[in-house]
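Commentary on secondary and tertiary structure
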Amino acid sequence: MKYWRGYLTAAIFGFFSWALIEFAKAHSALLDMVYPYVTRMLQTLLAEWSSTVTFCLWQFFAIALVVGVLTTIVLMIVLRWNPIQVIGWYTAAASLLFFLHTALYGLNGYAGSITNDIRLPITEYSLSELEEATVYYRDQANALASRINRDVNGNAVYPEFNELAAQAEAGFDSLVYEHNYSIFAGTTLPVKELGWADMYTSMGITGFTMALTGEAAVNPQIPVVSLPFTMCHEMAHRMCIATESDANMAAFLACRVNPSIEYQYSAYFMAYRYCYNAIAGLSTVESQEAMQRVKSGISEQLYHDLTSYNSFFAAKKDEAATQLADTVNDTYIKVQGDERGVASYGAVCDMLVSWHIQTIVLPTKVVEDTKFDPFDENQVDLSGIVNAPVKETEPGA
């Protein structure tokens, strides 16, 4: 029996994790009322604790885990430990970590969407509305691209990583105190540089947030034009905005209102990419025509940045490593409550189009100001009202 205690322990923690997830599925409204606020406070405490060091604590623990596993294997061979028992206890440890992650953060994926908190109704939209939104984001990116500092080769030049990371706070503070979006009232401590960047670049990974240590980290090697957006994306995760589409929308909003020109450009640059890719993904004659119309208006600087962005990942990504990372990430996202998996990253397009309609299009529409007349039967039903004026009829009517 002693050989199976580890597996029994793993089963117990696995059951508790399953029970929490099933509860979250069945009571998402109740969960949304309490859970995100509690976990946000916890993430703030953990972030303050882990910010005492500049490197990622979770990566240090990962190294310690690998060393521990290798040491255990050696001891198992030398001391002739039962491998079934050893594997059982490692399984129990993994089950415990998953339970802690689920209880302390993971259920945020089952809470309500960010659209409820920012009062953004999501409705169906036409191709023309998608194209109009894409053109808007393109034009904003065009205007900002010309104001970005560039080197002799035309490449964008941004501040150093730590300086840039420190600027992210301003955007979230604006969303909280000027736009009254309390969902962004979490910790705004700067993100950290993601260690082992070469490995993560080969996998196409731009950032990572570890809830158990409260650390948001970003790959420092990615193109600078996307760095501010990615920083805000990972900070949004640390604010317990769990789904990828919601974190992307949070990043757009935070970058857009940031006083830094680099953050503003990153907001519209990424918004344009997401919307343009959505048009490309339709694969119809009409969408192909829309793509050509949108592309025809790209400025030279924006075209350069888009080309550099795509070329970077095309040259750096390893197909096998990327496929493995995508599979793991897809599984993780689905386990956390978003059945779209990795496709949820691009789903932010729905929010971006709706935001464009609600924020840019509708306020510009001129509504005819018709003076209200309580005695006008064209505006008010006067039937049954004593002494109401009687509309004169034309002779012969």
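The numbers attached to residues start from 1 for each chain and follow its sequence in the written order. Given that the model is predicted, a residue must reach a pLDDT of at least 70 before its local features are reported, and side-chain atom pairs must reach 80 or more before they are shown or counted; all residues, however, enter totals for whole chains, interfaces and linings. Side-chain numbers here rest on the full set of heavy atoms in the structure, without hydrogens or water.

1. Quick notes on the packing of aromatic side chains
Pairs were defined over the aromatic rings of Phe, Tyr and Trp, the Trp ring being its six-membered one, requiring ring centres within 6.5 Å. Orientation was assigned from the angle between planes: stacked under 30 degrees, edge-to-face over 60, tilted for the rest. Overall, the coordinates contain 23 aromatic pairs when judged by the stated rule. Their ring planes at 45° and their centres at 6.4 Å tell us that Tyr136 and Trp355 sit as a pair that is tilted. Of this pair, Tyr136 sits in helix H6 (residues 127–145) while Trp355 is found in helix H16 (residues 348–364), placing the two residues 219 residues apart along the sequence. Of the two residues, Tyr136 and Trp355, both sit in the buried class. A centroid spacing of 5.2 Å and a plane angle of 80° characterise the contact between Phe252 and Trp355, whose relative ring orientation is edge-to-face. A residue pair is termed long-range when its members are at least 10 positions apart, and Phe252 in helix H11 (residues 244–256) and Trp355 in helix H16 qualify at 103 residues. Three exposure classes are used, based on accessible area relative to the maximum for each residue type with a 1.4 Å probe and protein chains only: buried under 20%, partly exposed in between, and exposed over 50%. Under the relative-accessibility criterion, Phe252 is labelled buried at 1%. Clustering of aromatic rings is evident, with ring pairs tying together Phe13, Phe15, Phe16, Trp18 and Phe99. Each helix is a run of H or I in the DSSP string that is no shorter than four residues. Each strand is a run of E no shorter than two, and both are numbered from the N terminus.

2. Looking at the sheet that holds strand E3 (residues 215–218)
For two strands to be treated as a pair, DSSP must find no fewer than two bridges joining them. Strand order in the open sheet formed by 3 strands is E1-E3-E2, and the pairing between neighbours is mixed. The open sheet terminates on both sides in strands that have one partner only, identified here as strand E1 (192–193) and strand E2 (207–210). Bridge count for E1 against E3 is 2 bridges, and the pairing is parallel. Residue pairing for E3: Glu193 is matched across the bridge by Val218.

3. Thoughts on unusual backbone geometry
In the Ramachandran plot, Arg119 falls in the positive-phi region, its phi being about 55° despite a non-glycine side chain. Inspection of the secondary structure assignment puts Arg119 in the loop between helix H5 (114–117) and H6. Exposure remark for Arg119: the relative accessible area of 55% places this residue in the exposed category.

4. Considering the pattern of salt bridges
Opposite charge on two side chains makes pairing possible when the charged atoms of those side chains draw close. A side-chain nitrogen of Lys or Arg and a carboxyl oxygen of Asp or Glu constitute a salt bridge if their distance falls within 4 Å. On inspection of all chains with the given rule, the structure shows 6 salt bridges. Note that Glu22 is salt-bridged to Lys25, the shortest N-O span being 3.5 Å. Placement of the pair is Glu22 and Lys25 together in helix H1 (residues 5–26), with a separation of 3 residues, close to one helical turn. Here Glu22 falls in the partly exposed class, since its relative accessible area comes to 31%. Taking relative accessible area as the criterion, Lys25 reaches 48% and is therefore assigned partly exposed. Between Arg138 and Asp139 there is a salt bridge; the shortest N-O distance is 2.9 Å.

5. Re H1
Take the number of residues in a helix, subtract one, and multiply by 1.5 Å to get its expected span. Taking 1.5 Å per residue, 22 residues should reach 32 Å; H1 reaches 32 Å between its end C-alpha atoms and fits that length. By the burial criterion, the buried members of H1 are Gly6, Ala10, Ser17, Ile21 and Ala24. Projected down its long axis, H1 shows its buried positions confined to an angular sector of 55°, all on one face. For H1, the exposed residues lying more than 90 degrees away from the buried face are Trp18 and Ala26. We call two residues contacting when some pair of their heavy atoms lies within 4.5 Å. Residues of H1 that are buried sit in contact with helix H2 (28–50), helix H4 (83–104) and helix H15 (319–335). Directions are taken from the helix axis to each C-beta atom, and the arc is the one they span.

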